[in-house]
Amino acid sequence: MAITLSASEAPSPPLSARLSPPQVWGIVLLAPYLLVFLAFVVYPVGYGLWLARQPASYVALYNDPIFARAAVNTLIFLVIGINIKMLIALFLSGFFAQQRPWIRWLSVIFILPWAVPSIPTILSVRFMLNPEWGVVNQLIFKFTGDDGPNWLNDPAVALAMAIGVHIWKSLPFWTLILLTGRLAISHDLYEASDVDGANWWQKFRYITWPSMQTLYITCTLLSMIWTLGDFNSVYLLTGGGPADLTHVLSTLGIRYLRLDQLSLAMASIVCAMPFVLPLVYFMMKRLSR
Amino acid sequence: MKLPTLREVGTEAKLLLIGIPVFIWTMIPIYHMFVFAISPKEDAFSGKLWPAHPTFHNFSIVFHEQHYFLRDFWIQFWNSTVIALAVGALTLFVATAAAFSISRLRVPGGRAVMNMALFTYFIPAAFLAVPMYRTMGTYGLLNNHWSLILAMVTIAAPYAIWVLKQASDKLPVELDEAATMDGATTLQLFRLVYVPLMMPSLVAVGTYAILLAWNEYLYAFLLLSKDTDITLPVALGNFLAADDSPWELLMTTGFIYALPPAAVYYAFKRYMVGGLTAGAVKS
């Protein structure tokens, strides 16, 4: 009996014997995250993809004018909004790199939009733009005697305002990141170029930009991925209106969800994947180095 | 004292020409919110830049729950606090254990787990919300605080693990070897060597998770619905349901809601800047 037992165990000892104690602990300590990951990422995503499997949902999406509009809005948000934001951030990072006490104070205030939650400030902007009671139109009336435009009732203006709110919120973060990149550039380079009589454009073109190029492009791509998930700026400012013309993909998915059209919601997200996955792949190569 | 040259004055003027618009742009929505919070109802809608009769009466109305929209203010404040703290604690536990396991114990498959976590980090949260909502329903967790806590841990953990792994990769291997030679078990190594050395990063990650949970709107709005279950941001969003919303009270509540995270952010700025922004984008 004892012989057969040891003989059967010899080729494959139990798992615990093959692993060293630290490795056993490694698995135990990794388990909580793995459980969270399996229960709240793998299962939902798998289930969602299964829901989005029918071609009929994609036909329905294709025939829904709101979807086409949301896709265009998302592209405008990403391509125009993010690039404007990153250019301003690049410019302001140069401003905040100046060594002045008052600029240091300003940088403390400048970070406020990032430090406070977005909901109250977006609602604050929403009321400012209220056509009757908002402070913007009241000032316009006071100075010109005319009624101001109905800001959030024009889809183009409303989308621009949502982009503005997004920029207001996330500009400080990206400026700060680009500022760290700028401060890492050796000061000697600028001093040498001063001696050679370079102007500010030449300094930017030949010193600043080459050292910040990679960081800038990484930041732009990362910001694009994150902005795809920016639900608050659009939802709380315009609610997707007027007439569902200012939806972006993230608010549209939730709109379908609220209308209990889960397969449409998942299908609209799956449609975004051809654009998201290459960006994600690129960022992962960047960060897991 | 040396008088500034004309050139220096010119540079300063140019800097001010950038600085003043930046200041105004940053402050407008916050100032607007503040003016509303200290305005009586009649003043609030008159579009003045400073109220004729500033008052803290709105704060008193909010604190005493003297309005239909505010009848559950304190319990919602409590919900926000408990959920944020729970997310902070759980994220710290899950992420520290995982980072220790991947970085120090070099557990087989650790790299793959790290990559999966990073992948989750890059999936926009609003996209994950759709299937997450249905899954929480399947698990029977809808309208239960655990659904929001677990969802926020799922979202906060990947970045937390990544930051902690980056930080713990920098600790010398000799440290673990020396402790093991002295007969420390793995758990002692974790408790007595690893956690104390990682403190600054742990503070940063804990703060990150707490702020993320406190500020979250979308998941809270999907997963919780009862008035006594919801968090403050959802309650703020619910103000919009009525046409004649009391905007001065909405702004007051928003102002109160925005104060704790701003205070936490500035108090831990040292850690946040060191631990997070440096790690956020590696060039």
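Here the structure is a predicted model, which means the values were calculated and not measured. (Residues numbered from 1 in each chain as written. Chains lettered and ligands numbered in written order. Predicted model: local features only at pLDDT ≥ 70, side-chain atom pairs only at ≥ 80, totals over all residues.)

**Let's talk about the overall build of chain B**
In terms of regular secondary structure, chain B is built from 14 helices and zero strands. When the helices and strands of chain B are listed from N to C terminus, the series reads α-α-α-α-α-α-α-α-α-α-α-α-α-α. Here chain B has a C-alpha radius of gyration of 24 Å; the compact-globule value for 283 residues is 19 Å, and the former is much larger. Overall, chain B is about 75 × 70 × 30 Å in size when its C-alpha atoms are taken along their principal axes. Residue burial in chain B is summarised as follows: out of 283 residues, 45% are buried. Intrachain contacts of chain B at a sequence separation of at least 6 include 77% that bridge at least 24 residues. (Helix = DSSP H or I, 4+ residues; strand = E, 2+ residues; numbered from the N terminus. Rg over C-alpha atoms; globule rule 2.2 N^0.38 Å. Buried ≥ 20, exposed ≤ 12 C-beta atoms within 10 Å, placed from the backbone. Contact = placed C-beta atoms within 7 Å.)

**A word on the overall build of chain A**
Each helix and strand counted, chain A has 15 helices and zero strands in total. By principal-axis analysis of the C-alpha atoms, chain A measures approximately 100 × 60 × 30 Å. For chain A, restricting intrachain contacts to residue pairs at least 6 apart in sequence, the fraction spanning at least 24 positions comes to 69%.

**So, the nonpolar core**
Residue and element names in this part refer to chain B. Counting residues in hydrophobic clusters, the biggest one holds 161 residues, and the most contacted among them are Val87, Ala129, Met152, Ala156, Ala160 and Ile161. Counting residues per element, this core draws most heavily on helix H7 (residues 145-169), which supplies 16 residues. In contact with Ala160, not counting residues within four places along its chain, are Thr91, Ala95, Val205, Tyr208 and Ala209. (Core = buried A, V, L, I, M, F, W, Y, C linked by C-beta atoms within 7 Å.)

**Remarks on helix H4 (residues 73-104) of chain B**
All names here are of chain B. Look at H4: 45 Å from first C-alpha to last across 32 residues, which is about the 46 Å you get at 1.5 Å a residue. Judged by how many residues are buried, H4 sits mostly within the fold: 23 of 32 residues are covered. Phi for Arg106, located one or two positions after H4, is positive at around 50 degrees. (Expected span 1.5 Å × (residues − 1).)

**Regarding the interface of chain B and chain A**
The partner chain A presents 76 residues to the 73 residues of chain B that form the contact. Of the residues assigned to the side of chain B that touches chain A, the class counts are 55 nonpolar, 16 polar and two charged. (Nonpolar A, V, L, I, M, F, W, Y, C, P; charged D, E, K, R; others polar.)

**Here we look at the environment of A:Phe127**
Along the chain, A:Phe127 turns up in helix H8 (residues 118-128). A:Phe127 sits 20 residues away from A:Ser107 along the chain, and the two C-alpha atoms are 27 Å apart. Apart from the residues lying within four places of it in its own chain, the contact partners of A:Phe127 are A:Gly134 and B:Trp247.

**Remarks on the packing of helix H10 (residues 155-183) of chain A against helix H12 (residues 200-228) of chain A**
Residue and element names in this part refer to chain A. Remark: H10 packs on H12, axes separated minimally by 10 Å, with the N-to-C direction vectors making an angle of 150 degrees. Our classification of the angle between H10 and H12 gives roughly antiparallel. Relative to H12, the crossing made by H10 is right-handed. In this structure, H10 uses His166, Trp174, Ile177, Leu178, Gly181 and Arg182 to contact H12, whose residues at the interface are Thr208, Met212, Leu215, Tyr216, Cys219, Ser223 and Thr227. Residues of the contact of H10 with H12, tallied by class, amount to seven nonpolar, five polar and one charged. (Axes fitted to C-alpha atoms, helices over the stretch in contact; angles between N-to-C directions. Parallel < 35°, antiparallel > 145°, perpendicular 65-115°, else oblique. Left-handed = near helix turned anticlockwise from the far one by under 90°.)

**Remarks on unusual backbone geometry**
At A:Ala243, a position not held by glycine, the phi torsion is positive, near 55 degrees. Residue placement: A:Ala243 occurs in the loop between helix H13 (232-237) and helix H14 (249-258). Residues other than glycine seldom take positive phi values, yet B:Arg106 does so here, at roughly 50 degrees. In this fold, B:Arg106 is placed in the loop between H4 and helix H5 (110-122).

**A closer look at the confidence of the model for chain A**
Residues and elements named next belong to chain A. For chain A, per-residue confidence averages 85 on the pLDDT scale, and residues scoring 70 or more make up 93% of the total. The least confident element of chain A, judged by mean pLDDT, is helix H1 (residues 2-9) at 43; the most confident is helix H5 (residues 65-96) at 93. Every residue in residues 1-11 is under pLDDT 50, and counting partners more than four places away or in other chains gives zero contacts. (pLDDT = per-residue confidence, 0-100.)

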